Every structure is written in structure tokens, then in C-alpha cells.
Amino acid sequence: MPRLIPMTEKQRVALLTLPETEEEVVRYHSLDADDLAAIADTRTPETRLSYALQLCCLRHPGRHLRKGDVLPATMLDHIAEQIDVDAAVIAAFARRVQTRYEQLATIKCRHGFEELNHTVRAELAAWLEREAISLTDGRILTERLIVKMRERRIIIPGVSIIERMAATAMHNTDTNVAAEICSLLDNGQRKILDALISEKAHARQSKLSWLREPASRVSARGLLEILDKIDLVRVSRLNDLNIPEAYYLRLAQMAREGVRYTAQALKQMGTARRHATMVATLRELEATLTDAALSMFGALVGRANLRARKRLEETIAASAVQGRERLIRIAYVLEALAKTAKRGGDIVSAVTSVATLDVIEADANLILRTTKPGRPNVLSELAPEYRVFKQVGDRFLASFAFHGRTATSGLCAAMGMLVTLGGNWRKSLPVDVPLGHIEARWHRHVVAKGNIDRTYWELATYFAVSTALASGDLWVPLRAATTDRLHRRLQPRSVPLPYRARRYEVQRTARLSI
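The paragraphs below set out a description of the structure included in this document. (Residues numbered from 1 in each chain as written. Predicted model: local features only at pLDDT ≥ 70, side-chain atom pairs only at ≥ 80, totals over all residues. Heavy atoms only, no water.)

### Digging into unusual backbone geometry
- Omega for the peptide link from His60 to Pro61 comes to 15°, which places this bond in the cis form.
- Non-glycine residue Asp84 carries a positive phi angle of around 60°.

Structure (C-alpha cells):
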């Protein structure tokens, strides 16, 4: 169990430091009529000043004045001015130790301050555990404890004590949350979680390590591997657990820890802590893998577009460089064909005397490709990329529950049709195949001679899915508890420690020696 909250010494000292700025002094150390009446009951100027200093210090920062405390000049002058006493009498502050203790007893009795006894400590411990449920930063809990003690006028004994109280509450809450999450699992889910760290995906790699492995290069196989990982995570049904929303930040912290732990380290944990950490890790991992799958799909679309562009550029370059030679060769072929036909000779021999049939066929194909109706574009070279999307497209669409805006209803219908077809060309396209999502630039490729070109229709649909995902018109909703990103905004920010600028002007300060 941690004994202290991770803080620097500067942060630790600043928790209970005396106010130094004028704004802080006026806010915390202004005395009302009842305070002034109580101070007036003392006999001498130095006892009145010591009474006022003790009272103000117990209110803020909430502790006793200690031996060696340096009183800021702004604080000392402000308090002395209110009680109409010369600040110089601080030199005689609490000359008798008994006087100081008597004053403290009077202040506690008259102004309602109490010590941190066992009863109060137990109440604060219960309150701390309730507060710690939605926190992962012990400094925030420590600061809240200090504020709570000031509100209840509980005298703060020291930073180390409240640190231990906060650290104990954080530890106990962590243990309780892990136990409660573990209690939500059934026996089947526990066996699946244990199998992930005990069974091997490969010779020297556990299934958990394989799940956390970064995605491979952009390829159909890489996307299929990500989808396999998602299926393995979903088998455990961890997203069906009814985990209280207050635990989400704790889950996010456990997930960050679980990413670093090896399978051996997880085995050495207690059962409850191990299962809770794996629940958090796998729930977050599903969100991460989903992002990876969507990103990989978009990368496949981008790669297909780049390859098609490269083929188009090569075709245009070949057409420009070899165009004259090809045209001359075709002209010789036509000339030989015409002369032989007039004489009634062997046409095949005449043609092959100019060039082989393979060369002539290649020339004809290239001429047909570069002289298709319409302006040559990248889409005309996309057909060879269809094989990639045939392998993974339908499974990718079937793996997620896509949601979209009203304008994407046609696209969603086309996606459902692709899932039903499953890449099986034995199943023909329905008569009412949706075309509303097809962009205008695709139409001459998708609708050819009054018929639907299935290859280009599927490609156009997959490209439309990628575009809609990138623009936000289509998305994959994740449950609120599965991702740290959706709940990071719930994390309270630590109260920034005040920056105290160095004062270059000479100021009077007083060091207490009590």
C-alpha cells in the first residue's frame, strides 16, 4: 500500500503554505466583528496579534503556526492593521509556551475548531473512499481533503498525515473497484480471460500479446488479422457488463496499466486485480482495434487509388513515347493487309511479316484503352484492385454496426446488400440495386450499356464508405465505457499551485521561534 501520494517536495510544501499575495490575504485573513471582539478580550498588543495570527492560520491554510514559519509581510501587515497593533510586536509573539497553548484552546472552543481524532478520522476516511471512486490522481484527492477539513474547521496536523489518508483511500478504493468488477464476471468469462494469458497464439507469444501487437502493413491480410482480433475480444462479452459510470476513469487507468503488463506479470496478480485489469484492457483494446480497422480500410482505399493512378500514368507515358512507333507499325500492317487482299494471297503471312500477332494484339489493346469514350481517369484503372475488396470488404462491413446521417440511407442499404452477397458472384445483384450513393464520376463505369457493372458498383460503394467515414457522415458507435478518449474529459483537473513571483522590493518578514 503506498504511504504517500506521488508529489514533488515543492508541491507538498505548497499544500499548507501561508498566503503571500494580497488577494489571498484579503480573501482568507479578513476578520469580522465577532473575531475582533474575541481578540479585544486579550490584554497586551502582542497577545492580541498572536491570537489573530493563530486564528487566521487555523482558517487558512488550516494548521497551527509552526516553529520556523516565515510570516509574509503582506499577511502580517494586513492582520496587524485590522486589530490596530504595530506589526513589530511580533518579536514578543508567544514568549510563554503556556500562553500559546491557552490561546489555542480558547480559539478552538470559541470558534469551533476540532482536532483530527479517531472519530473524525473514520468519518473522513469513509468520505475519502467515496470521493476516490471517480479519481485516479491522488493529488486531487489530497487537495479535496484539505478543502473538506477547512470547511469543517478540522485542524490539519501535517501534510504527511493527510497524504497517508489519501493514499490509503486510493488503495482501498482501487481494491474495492477491482473486486466489484470481478464479481460481475461469470465463470465462462473468467476462463476466457485466463486463457488469453496462458494459451499461445504462436510458439512464443500469448494470445494477449498477439491482441496488443501493432497492426501489420496495409494489406487485405492485415485487415483480416485485425478483424480476427476483434472477434476474439468480443467472445468474452465484456462490453455487456453493467459497470457503473463512476468507475470509468478507474477502468481507463487500469487499461493504461494493462497495456504495459506482460502475461507473466498479470499471472502474478491477485485474481480480482488481474481480471479487473484485463476487463479494462480488453474493453479499451476493442476500441483501439476498431479504430485500427477503420484506418486500415481507409488506407486500402487510398492505396487502390494510388495504384490506379500509377497505372494510368504509365499508360499515358507509354502512349506518348511509343505512340509514333506503334502507329507506323499498325500502318504497315494495314498496308500489307490491303495489298495481300488485292492479290488474293495469304493474309496471315503478310501480317506476321510486319510484326508478330502478340505485338499486334498488345498494340490493339493499348489503343483501345487510351481511346475509350470520355476523358481517361483514375477510375478506369481501378478494376484490378477489386480482388482486395472482394477478400475483406463484406467481412469488414459485417463486423461493425455502422450508424449514419439521414443522407447516407442509400449507402447503408448498399452496405447491407454487400454483406448479404458476401463476395459470392454466384449470387446475382438484385434488380433494385441502390445507386443513390454513387458519385457522378463513377456513373459511366458503373452503368455500362444499360447494365450494372458489379465490379465497379462494389468498388464505388466501398469508396463511398471510406469517404463517409472520413467526413463523419458514417461512424461506428462505441459504448461509453469502452474507450478512454470518451471519458478523459470526466477527469478532474488538479488545482494549479499558485505561482509566486519573486519580489525584488524589500519586504519585512518575521520568523517565528515558538
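### With respect to the packing of aromatic side chains
- Summed over the entire model, instances satisfying the criterion amount to eleven aromatic pairs.
- Summarising the aromatic geometry, the rings of Tyr386 and Trp425 are spaced 5.9 Å apart at their centres and angled 75° between planes, so their arrangement reads as edge-to-face. One end of the pair, Tyr386, is in helix α19 (residues 386-398); the other, Trp425, is in the loop between α20 (409-421) and α21 (443-446), and 39 residues separate them in sequence.
- Residue classification places Tyr386 among the buried positions, given a relative accessible area of 7%.
- When the ring of Phe389 is compared with that of Tyr462, the centres are 5.6 Å apart and the planes differ by 20°; the resulting orientation is stacked. Here Phe389 is found in helix α19, whereas its partner Tyr462 is found in helix α22 (residues 454-471), with 73 residues between them in sequence.
- Here Phe389 falls in the buried class, since its relative accessible area comes to 0%.
- Classification of Tyr462 as buried rests on a relative accessible area of 2%.
- Taken together, the ring pairs connect Phe297, Phe389, Phe396, Phe400, Phe402, Trp442, Tyr456, Tyr462 and Phe463 into an aromatic cluster.
- Above the plane of the ring of Phe113 lies Arg153, whose end atom (NZ or CZ) is 5.4 Å from the centre. (Phe/Tyr/Trp six-rings, centres within 6.5 Å; stacked < 30°, edge-to-face > 60°. Helix = DSSP H or I, 4+ residues; strand = E, 2+ residues; numbered from the N terminus. Buried < 20%, exposed > 50% of the residue type's maximum accessible area, 1.4 Å probe, protein only. Lys NZ or Arg CZ within 6 Å of the ring centre and 35° of its normal.)

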